[in-house]
Amino acid sequence: MCTECDNHNTSINIPPENHYHSIFACPVSKEQSTEANPPMMMGCGHVVNKDSLEKLKKSPYCPAESFTSSSLRVHF
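Residues numbered from 1 in each chain as written. Predicted model: local features only at pLDDT ≥ 70, side-chain atom pairs only at ≥ 80, totals over all residues. Heavy atoms only, no water.

A few points about the sheet that holds strand E3 (residues 72–73)
We count it as follows: Two strands form a pair only when DSSP identifies at least two bridges running between them. For helices the rule is a DSSP run of H or I covering at least 4 residues; for strands it is a run of E covering at least 2, with both sets numbered from the N terminus onward.
If you walk across this open sheet you meet the three strands as E2-E1-E3, and the pairing is antiparallel. Since the sheet does not close on itself, it has two edges, and those belong to strand E2 (47–49) and E3, each with one partner. In this structure, strand E1 (residues 39–41) lies alongside E3, joined through two bridges in antiparallel fashion. The residue bridging Met 41 from the neighbouring strand is Leu 72, located in E3.

Some details on the pattern of salt bridges
Quick reminder of the rule: A carboxyl oxygen of Asp or Glu within 4 Å of a side-chain nitrogen of Lys or Arg is what we treat as a salt bridge. The rule is simple: take the accessible area with a 1.4 Å probe, protein chains only, and divide by the maximum for that residue type; under 20% is buried, over 50% is exposed, in between is partly exposed.
Evaluation of the coordinates by the stated rule reveals one salt bridge. Measuring nitrogen to oxygen at the nearest pair gives 3.2 Å for the salt bridge that ties Glu 35 to Arg 73. Placement of the pair is Glu 35 in the segment before E1 and Arg 73 in strand E3, with a sequence separation of 38 residues. The exposure class assigned to Glu 35 is exposed, which follows from its relative accessible area of 65%. The class of Arg 73 is partly exposed, set by a relative accessible area of 36%.

Section: the layout of surface pockets
We count it as follows: Detection works on a 1 Å grid of protein atoms alone, calling trapped sets that fit a 1.4 Å probe cavities and calling open sets with protein on both sides within 12 Å along at least five of seven lines pockets, with lining residues defined by an atom within 4 Å of a point. Grid points are joined across faces, edges and corners, and a volume is the space filled by probe spheres set on the points.
In this structure, the largest pocket occupies an estimated 190 Å³ of space. Along the walls of the largest pocket sit 13 residues, with Ser 22, Ser 33, Pro 39, Val 74 and Phe 76 positioned nearest its centre.

Comments concerning the nonpolar core
We count it as follows: Definition of nonpolar core: a set of buried residues of the types Ala, Val, Leu, Ile, Met, Phe, Trp, Tyr and Cys, connected through side-chain atoms within 4.5 Å. In what follows, a contact means two residues having at least one pair of non-hydrogen atoms within 4.5 Å.
Formed by Phe 24, Cys 26, Met 40, Met 42, Val 48 and Leu 53, the largest nonpolar core amounts to six residues. If we ignore the near neighbours within four places in the chain, the residues touching Val 48 are Phe 24, Cys 26, Pro 27, Val 28, Pro 38, Pro 39, Met 40, Met 42, Leu 53 and Leu 56.

Shown next, in the form of structure tokens:
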């Protein structure tokens, strides 16, 4: 194991045309997530917006039940 790894930082210049930001579009509602309607990860691992999650009884992609209380907010 390298004990000096923290001392080997490398800076890489990325051209502006390659700068991107994370945007999540809910696969159920097709709406972009917002602070009021953030992406939420269900227990099965699938991610939908909070509004869609509250309307669903199960994951739209697998047979797993979805419970709003056990879902986690996702930060990109």
